[in-house]
Structure formats: structure tokens, C-alpha cells
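Given next are the chains, with one letter for each unit.
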Amino acid sequence: MNFTILHSKWPSAVALLPAILFIGCTQGPGGAPAFLGNSSGIPGGGSTNASNNSTLPGFPSQPSVQKLIYHVGPTDLLAGQAVDAMLEKPKTLTFQVNEPVWVIGFEPKIIDSDGNALPGKLLHKAIVFNKHEPNPMCASGNGGNPFAVATSTLTKVELPEGFGYPLVPEDPLEAKVVFQNPTSQDYLGVSFSFELTTIPMEKAKGYGDLKAILLDTDPCDHKPLSIEPGAFVEKSNTFSVLEGGHLMVANGLLSDYGVAVSLTHQEGNKPSLIPFWRAEAKLDESHQIIELTPNPFIDPSGKKIKQGDKLTLGVSFDNFSDDWHNAATGAAMVYVAPEESL
């Protein structure tokens, strides 16, 4: 796998992306990246580094906003290539940053060899891990903690202003990508491209940590569900909050045949059945997902959650086909500000 990383300094007050809340569930890095130019001319390098800086509101310094662009691929996808056969052989990329940064944005794309956008339906799921962090949802796991996830909807995520997910050069990072091709057309030279918008820590003082945690139907191995032919299936998973904070962003993740994804908050022992957020899927005539609405959930002031509270992930699927659907994915990537970061 390969990657391209572009560097830019933008005159904008950007803010927003990933990191880890400590919650319990009831149910080799490559070298440091090279900077190849600014973000014009993606991919394949660009012009010389810009010198344009801006003052981020609330901060006396003038941080340089960087866009780090990584490519996983290329790979050839033949027409009708089902995801079932590709689940056990994801494409991977190991990488690391070359200076301490705050990650404030994540944008996934599917592109061809010339950098042109391709349909999101060629992606089943991509997960970006920080291998230095344990997954708080899986006591027995050692595969690292997911801090950014994408499915075919290719949802862009931004974190609230003044917050970021910290990365340092010592963090071994890994992207795992499962492609698919449900179309009748061959696609050659396909890559998953993801952009991390970052600010060097030395140029942006006063940022607060956001913790990122993947609420998943399978929190350890992130394996999909199997839905029988003609079945409407609802699944839920409840997680106990071990550290209080403010839930600011939730990115819903749903695969083809998905109907909805939701989050419900239970305060202490007080029962709650009504989700505080529910995103519904828009499907095409083949029941392939086009988008989730509204997604992502954003609350800049943060939804208060206390230690001992519970969060319930709900997902639903409707398999209209006459075949088993063995790649049903439903999850939510949640970003929480711990009390000490506020």
C-alpha cells in the first residue's frame, strides 16, 4: 500500500475530529510521512508550501493547518465483486506522523489512479487505528483503538473548535480497508484516500483532548452481522460509561440494506427508550445505502454523560433479497470531551 501526504497552511479557523472515552461493554509502522506540497493538485504532490497563516479564535498563536493525505491501494475491483470474499483480506497501510499534532478533521474518499472521485459504494468499511491505545470496548483485544471510520457514505467528520485528537510520532498507526464492487462495471486502480486535518501542537496551545470510541455491534473484532433472506432485523448493544464527559460528535456507520442507526442515553438507573439521535438511511433501487440523515450528530456544547450512565447503540437492517446478507455493518464513532478537557 502507499500513501501521499500533502501539506498546507490555510487561512481558516478550522475545528473538529477523533479520539477515546473509557467505557465498558455489557455484551509496524512505516516511516514518518514526507510533505509534498500544499493541497492543490491532489494527489501526486503540489506547489510549494504556502506561507499563509491565520489566528485561530481564542488562541494568541497562528497555527498552521496541515492536510495529511494517505492512500490505501491501488487495487482492481471486478464487476460484482462481493464483499463477503474480501472481509478476511483487507488492504492495510501502516504509517505515522512526523511531529506531534492535533487531528481536527477526517475526510474519506474513493479515487482512481488519477485522483478522480469514484462511487462510495466501492468501499465497505475502513478503520484507522492508533495501535498505542487500547480499545476501551474490548478488554481482551490488543489491535489498537479506532479513531476514524468510514463506510460507503464517505461521511466527513469535523471536531468542535478548540478540541482535537492527539497524535505523536511514536504512535504506530494503521488503516484497514475492505473494498467491494456491487456494480456491473470493472474499476481498476482504486484507492481509499483519507485526509487528516491537523495542527502542530507547538503552534496551537490550549487545545482540549477529545476521546474517540467505536460503539459497535462487535466491539472487539468489528465483524459484520449476518441477516437472513427476507428478514427485518434490529440489534442493540449497551455500553456502561466508566468516565464522565460531554458527547460532542457521533458518526453513524451503516452498510447496504441498513435502515437506521441510533444512540440512546440512560442516566444512572433511570430507564430510557427514546434515542437522543437517530439517523435513517436513504437507499437506491438495489437497497445500497446512499446517505444517512441526519449524520453526523453534532453538539458543540456537548451532551452531558456521567460515570455509570449507559449508551445503547441501535441498528436495523431490512434484507429484501433472497440471499443471506453476511456483511451488515452498524456502528457509531463517538467523540467525547472528558471533564478535565472542558
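Being a predicted model, the structure only gives us computed values, none of them experimental. (Residues numbered from 1 in each chain as written. Predicted model: local features only at pLDDT ≥ 70, side-chain atom pairs only at ≥ 80, totals over all residues. Heavy atoms only, no water.)

**Quick look at the overall build of the protein**
Defined as follows: A run of DSSP states H or I qualifies as a helix once it reaches four residues; a run of E qualifies as a strand once it reaches two. Both are numbered from the N-terminal end. Note on classification: 1.4 Å probe, protein chains only; a residue is buried when its accessible area is under 20% of the maximum for its type, exposed when over 50%, partly exposed between these limits. Areas reported as accessible are Shrake-Rupley estimates using a 1.4 Å probe. Residue values count occlusion only from the protein chains shown.
Scanning the protein for helices and strands turns up zero helices and 22 strands. Burial analysis of the protein (342 residues in total) assigns 55% to the buried set. On the protein, roughly 14,000 Å² of surface is accessible, and the fraction owed to carbon and sulfur atoms is 49%.

**Let's talk about the sheet that holds strand β3 (residues 91–95)**
Neighbouring strands of a sheet are bound in pairs by backbone hydrogen bonds; such pairs are parallel or else antiparallel. The test is simple: A pair of strands is treated as paired once DSSP finds two or more bridges between them. Convention adopted: a line fitted to C-alpha atoms gives each axis, helices being fitted over their contacting stretch, and angles between N-to-C directions are expressed from 0 to 180 degrees.
Strand order in the open sheet formed by four strands is β3-β9-β5-β6, and the pairing between neighbours is antiparallel. Looking at which strands have only one partner, the edges of the open sheet turn out to be β3 and β6 (145–151). Along the sheet, successive strands turn relative to each other by an average axial angle of 15 degrees, direction set aside. When β3 meets strand β9 (residues 173–179), the two strands line up antiparallel, connected through five bridges. Directly across from Lys91, in β9, lies its bridge partner Val177.

**Notes on the layout of surface pockets**
Selection rule: Here a cavity means grid points, on a 1 Å grid over the protein atoms only, where a 1.4 Å probe fits yet cannot get out; a pocket means an open set of points with protein on both sides within 12 Å along at least five of seven lines; lining residues are those with an atom within 4 Å of a point. Grid points are joined across faces, edges and corners, and a volume is the space filled by probe spheres set on the points. Under the convention adopted here, Pro, Cys and the residues Ala, Val, Leu, Ile, Met, Phe, Trp and Tyr are nonpolar, Asp, Glu, Lys and Arg are charged, and Gly plus all remaining residues are polar.
Its volume calculated, the largest pocket comes out at about 590 Å³. Taken together, 25 residues make up the lining of the largest pocket; nearest its centre are Leu87, Lys176, Asp221, His222 and Lys223. Where the lining of the largest pocket is concerned, the elements lending two or more residues are β5 (123–130) and β9. It is β5 that contributes the most residues to the lining of the largest pocket, five residues altogether. Around the second largest pocket, the lining is made up of 24 residues, and of these Val83, Asp84, Asp256, Tyr257 and His325 lie nearest the centre. Grouping the constituent residues of the lining of the second largest pocket by class yields eight nonpolar, 13 polar and three charged.

**Here we look at unusual backbone geometry**
Negative phi is the rule for most residues except glycine; trans is the rule for most peptide bonds. The step from Thr293 to Pro294 runs through a cis peptide bond, and the omega angle for that step is -10 degrees. Summarising the element assignment, Pro294 is placed in the loop between β18 (289–293) and β19 (297–305). A cis amide bond, omega 0 degrees, links Asn295 with the succeeding residue Pro296. Mapped onto the elements of the fold, Pro296 is located in the loop between β18 and β19. Not every positive phi belongs to a glycine, and His222 is a case in point at roughly 60 degrees.

**With respect to the environment of Leu122**
Within the secondary structure layout, Leu122 lies in the loop between β4 (101–111) and β5. In this structure Leu122 comes out as buried when scored by relative accessible area, which is 0%. C-alpha of Leu122 to C-alpha of Pro182: the two residues are 60 residues apart in sequence and 7.4 Å apart in space.

**Regarding the state of the cysteines**
Rules: Our working definition of a disulfide is a cysteine sulfur pair at a distance within 2.5 Å.
Under the criterion given, the structure shown has one disulfide. Each disulfide pairs two cysteine sulfurs, and for Cys138 the partner residue is Cys220, the sulfurs being separated by 2.0 Å. In this structure, the disulfide formed by Cys138 and Cys220 twists by about 105 degrees around the S-S bond and is classed as right-handed. With Cys138 in the loop between β5 and β6 and Cys220 in the loop between β12 (211–216) and β13 (225–227), the pair connects residues that are 82 residues apart, well separated along the chain. Classification of Cys138 by relative accessible area gives buried; the value is 5%.

**Here we look at the sheet that holds β12**
Read across the open sheet, the four strands follow the order β12-β22-β15-β19; overall the sheet is antiparallel. Since the sheet does not close on itself, it has two edges, and those belong to β12 and β19, each with one partner. Across the sheet, the mean angle from the axis of one strand to that of its neighbour is 30 degrees, orientation sign disregarded. Bridge count between strand β15 (residues 245–254) and strand β22 (residues 330–338): nine bridges; the pairing is antiparallel. Across the sheet, residue Val249 finds its bridge partner in β22, namely Tyr335.

**Topic: the pattern of salt bridges**
Defined as follows: For this analysis, a salt bridge means a side-chain nitrogen from Lys or Arg found within 4 Å of a carboxyl oxygen belonging to Asp or Glu.
Under the definition given, this model contains nine salt bridges. Put simply, Glu174 and Lys131 hold a salt bridge, and the shortest N to O gap is 3.4 Å. Here the residue Glu174 occupies a position in strand β9, and Lys131 occupies one in the loop between β5 and β6, the gap between them amounting to 43 residues. Judged by its relative accessible area of 33%, Lys131 is partly exposed. Of the charged contacts in the structure, one is a salt bridge between Lys211 and Asp209, with a shortest N-O distance of 3.9 Å. Asp209 sits in the partly exposed class, given a relative accessible area of 23%.

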